[in-house]
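The lines below spell out each chain.
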Amino acid sequence: MFVFLILAMMIQEFLPVLGLGGIKILILMPWSFFYVIALTVPYPVMLFFALATGLMWDARHGLPLESPLPFGTRVILFALMGSFMQGIRPLFQRGHWFLPIIMVGLAVLFQRISEFLLISFAAGEFQFSAEIWMTMIATSLAAMLMAPFLLIIISRVAKRCGYQLEFEQFMFRRAYSHGHQI
């Protein structure tokens, strides 16, 4: 998984900012990948990935010249949003992907809003234009669109490595009248 996270960071460098009718769409591949990982691994492992993702993202995009946020701030944001994702992990383990996919988009949206509020607070000014709001929503929708594909990739890698994601929904069970299940 860590290799895939590094690969997502490398792919991020080559992804363009898409424009759709004046709205900028940021494809935040590492963020989406982290939130999908947060659904599939236990809590301590998710915290490790939050630390790795946050430090790598800050090392690349959060240097003092580029961002007013202190180095390591995004680690806390990734851990917080990853903890929310861990709350819906049982749904994912049962094979219900609808809510987890929506939550990936919402986690990206809330992290973007949190970063914007922290940067605005550090700068001492608050200007929340419609363009910023639309960029955040479009970025969140792009993360939701990527989430099913990333979940499929992770589930196939897990299957090849022998890791059980516990899809209870896909198990066939038949109950007989005397209470035994097959």
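Conventions adopted
Residues numbered from 1 in each chain as written. Predicted model: local features only at pLDDT ≥ 70, side-chain atom pairs only at ≥ 80, totals over all residues. Heavy atoms only, no water. Axes fitted to C-alpha atoms, helices over the stretch in contact; angles between N-to-C directions. Helix = DSSP H or I, 4+ residues; strand = E, 2+ residues; numbered from the N terminus. Left-handed = near helix turned anticlockwise from the far one by under 90°. Contact = heavy atoms within 4.5 Å. Nonpolar A, V, L, I, M, F, W, Y, C, P; charged D, E, K, R; others polar. Phe/Tyr/Trp six-rings, centres within 6.5 Å; stacked < 30°, edge-to-face > 60°. Buried < 20%, exposed > 50% of the residue type's maximum accessible area, 1.4 Å probe, protein only. 1 Å grid on protein atoms, 1.4 Å probe; cavity = no way out; pocket = protein on both sides within 12 Å on 5 of 7 lines; lining within 4 Å. Points joined across faces, edges and corners; volume = space filled by probe spheres on them. Salt bridge = Lys/Arg side-chain N within 4 Å of Asp/Glu carboxyl O. Polar contact = N/O pair within 3.5 Å; in protein donor to acceptor, adjacent residues only side chain to side chain. Expected span 1.5 Å × (residues − 1). Bend = angle between axes of the 7 residues up to and from the residue. Core = buried A, V, L, I, M, F, W, Y, C linked by side-chain atoms within 4.5 Å. Patch = residues over 30% accessible without salt bridge, like charges linked within 9 Å, V, L, I, M, F, W, Y side chains within 5 Å. Areas by Shrake-Rupley, 256 points an atom, 1.4 Å probe, with all protein chains shown as cover.

Caption draft 1: Structural view of the packing of helix H6 (residues 98-123) against helix H7 (residues 130-161). Running from N to C, H6 and H7 point in directions that differ by 145°, and their axes come no closer than 8 Å. The chirality of how H6 crosses H7 is right-handed. Residues Ile101, Ile102, Val104, Gly105, Leu106, Val108, Leu109, Arg112, Ile113 and Phe116 of H6 form the contact with H7, whose own contacting residues are Ile132, Trp133, Met136, Ile137, Thr139, Ser140, Ala143, Met144, Ala147, Pro148 and Leu151. A breakdown of the residues in the contact of H6 with H7 according to their chemical character gives 17 nonpolar, 3 polar and 1 charged.

Caption draft 2: Highlighting the packing of aromatic side chains. Using the criterion set out here, one finds 6 aromatic pairs in the structure. Centre to centre, the rings of Phe34 and Tyr35 are 5.2 Å apart; their planes meet at 65°, and the pair counts as edge-to-face. As far as burial versus exposure is concerned, Phe34 and Tyr35 are alike and both buried. Ring geometry for Phe34 and Phe78: centres 5.1 Å apart, planes at 75°, overall edge-to-face. With Phe34 in helix H2 (residues 29-40) and Phe78 in helix H4 (residues 73-87), this pair connects stretches of sequence that are 44 residues apart.

Caption draft 3: The arrangement of the layout of surface pockets in detail. Computed from the structure, the largest pocket encloses a volume of approximately 610 Å³. Those elements that provide at least two residues to the lining of the largest pocket are helix H3 (43-61), H6 and H7. In terms of residues, the lining of the largest pocket owes the most to one element, H6, which gives 6 residues. Residues belonging to the lining of the largest pocket are distributed by class as follows: 13 nonpolar, 5 polar and 7 charged.

Caption draft 4: How the structure looks around the pattern of salt bridges. Summed over all chains, the structure comprises 2 salt bridges. Close ionic contact of Arg74 with Glu115 constitutes a salt bridge, the shortest N to O distance being 2.8 Å. Highlighted residues: Arg74 in helix H4 and Glu115 in helix H6, separated in sequence by 41 residues. Like Arg74, the residue Glu115 is buried in the burial classification. Linked through salt bridges whose partners overlap, the residues forming this network are Asp58, Arg74 and Glu115.

Caption draft 5: Examining the side chain of Thr53 more closely. You can see Thr53 is positioned in helix H3. Judged by relative accessible area, which is 0%, Thr53 ranks as buried. From its side chain, Thr53 meets the backbone oxygen of Phe49 in a polar contact 2.7 Å long. Filtering out sequence-adjacent residues up to four positions away, Thr53 remains in contact with Leu5, Met9, Pro30, Phe34 and Phe78.

Caption draft 6: Examining H7 more closely. Taking 1.5 Å per residue, 32 residues should reach 46 Å; H7 reaches 45 Å between its end C-alpha atoms and fits that length. A bend of about 30° at Ala147 is the largest found in H7, and the proline Pro148 appears one to four places after it. Looking one or two residues beyond H7, the residue adopting positive phi is Gly162, at roughly 85°.

Caption draft 7: Summary view of the nonpolar core. Ranked by internal contacts, the top residues of the largest apolar core, which has 34 residues, are Tyr35, Met85 and Val104. Elements supplying a minimum of two residues to this core: helix H1 (2-12), H2, H3, H4, H6 and H7. The biggest single contributor to this core is H2, with 9 residues. In this structure Tyr35 touches Leu77, Phe78, Met81, Gly82, Met85, Val104, Ala107, Val108 and Gln111, once residues within four positions along its chain are discounted.

Caption draft 8: Geometry of a nonpolar patch on the surface. A cluster of nonpolar residues, Phe2, Ile6, Leu7, Met10, Ile11, Leu15 and Phe48, forms a patch on the protein surface that exposes about 560 Å² of accessible area. Sorting elements by how many residues they give to the nonpolar patch places H1 first, with 5 residues. Position of Ile6 relative to the elements: it lies in helix H1. Classification of Ile6 by relative accessible area gives partly exposed; the value is 32%.

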